[in-house]
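What follows is the residue order along each chain.
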Amino acid sequence: KPLALALNDESNPAVRLLYVESLAKLGTQQAVRVLTVWVMKEANEEVALTCLDHLKGHEDAVTYFVGRLGGSDNDEINRAAFALQQLEDPIAVRPLIDVLVTTHKRKVTVGGGSNAAFGSGGGGGLTMGSKTKIISRDLQNRSVLEALVALADGPNFSFNIPAWRSWYSSQRRPAVLDARRD
């Protein structure tokens, strides 16, 4: 816990690297968890990649990053996909297919203009019209595609989800899953 707190409070990337190395040497489940969480928030590429190097072979890390694919933040989805690519675990293929393209909704206010009218009889009025709408937008996740192509080791169906699903279901399932155990 003290190393995790120190890592969180440290602004110098070189010192953060020392903390990452120390956590990796501990090798405990808590240390692995700190490194996985840190990958998602680390701004320095060298520190993030060092964390990922130490997470290879840890199923808990793969499970964590697969779980982060389900978030609503596209940057987070792509960062988790990048991490899964680095961890090279084929178990992530199916979840990656599911987030190649994600739909994001946001509220927008439309209108908001005002209309003032005053009549000669002294009467008048002011109207303001605005509506809140929900806008849906599909986003293609480039890092997800890159991870998927790397883990699939061959095909590239771009952002064609039905083609990826068809390919995935045609694979000898035990071979894909057994690759993890080898």
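Look up a bit, the structure's there.
No experiment lies behind these values; they were computed from the predicted model shown.

What counts as what
Residues numbered from 1 in each chain as written. Predicted model: local features only at pLDDT ≥ 70, side-chain atom pairs only at ≥ 80, totals over all residues. Heavy atoms only, no water. Salt bridge = Lys/Arg side-chain N within 4 Å of Asp/Glu carboxyl O. Buried < 20%, exposed > 50% of the residue type's maximum accessible area, 1.4 Å probe, protein only. Phe/Tyr/Trp six-rings, centres within 6.5 Å; stacked < 30°, edge-to-face > 60°. Helix = DSSP H or I, 4+ residues; strand = E, 2+ residues; numbered from the N terminus.

Quick notes on the pattern of salt bridges
Enumeration over the complete set of coordinates arrives at four salt bridges. Glu 76 is paired through a salt bridge with Arg 68; the nearest N and O atoms lie 2.9 Å apart. The partly exposed category is assigned to Glu 76, whose relative accessible area is 22%. Salt bridges sharing partners connect three or more residues here, namely Arg 94, Asp 98 and Arg 165.

Let's talk about the packing of aromatic side chains
Evaluation of the coordinates by the stated rule reveals four aromatic pairs. Consider the rings of Phe 157 and Trp 164, whose centres lie 5.1 Å apart with planes at 90 degrees: the pair is edge-to-face. For Phe 157, a relative accessible area of 30% puts it in the partly exposed group. Judged by centre distance (5.8 Å) and plane angle (90 degrees), the ring pair of Trp 164 and Trp 167 falls under edge-to-face. Remark: Trp 167 and Trp 164 occur in helix α9 (residues 161-170); sequence separation between them is three residues, near one turn of the helix. We classify Trp 164 as buried; its relative accessible area is 0%. Grouped by ring-pair contacts, the aromatic residues Phe 157, Trp 164, Trp 167 and Tyr 168 constitute a single cluster.

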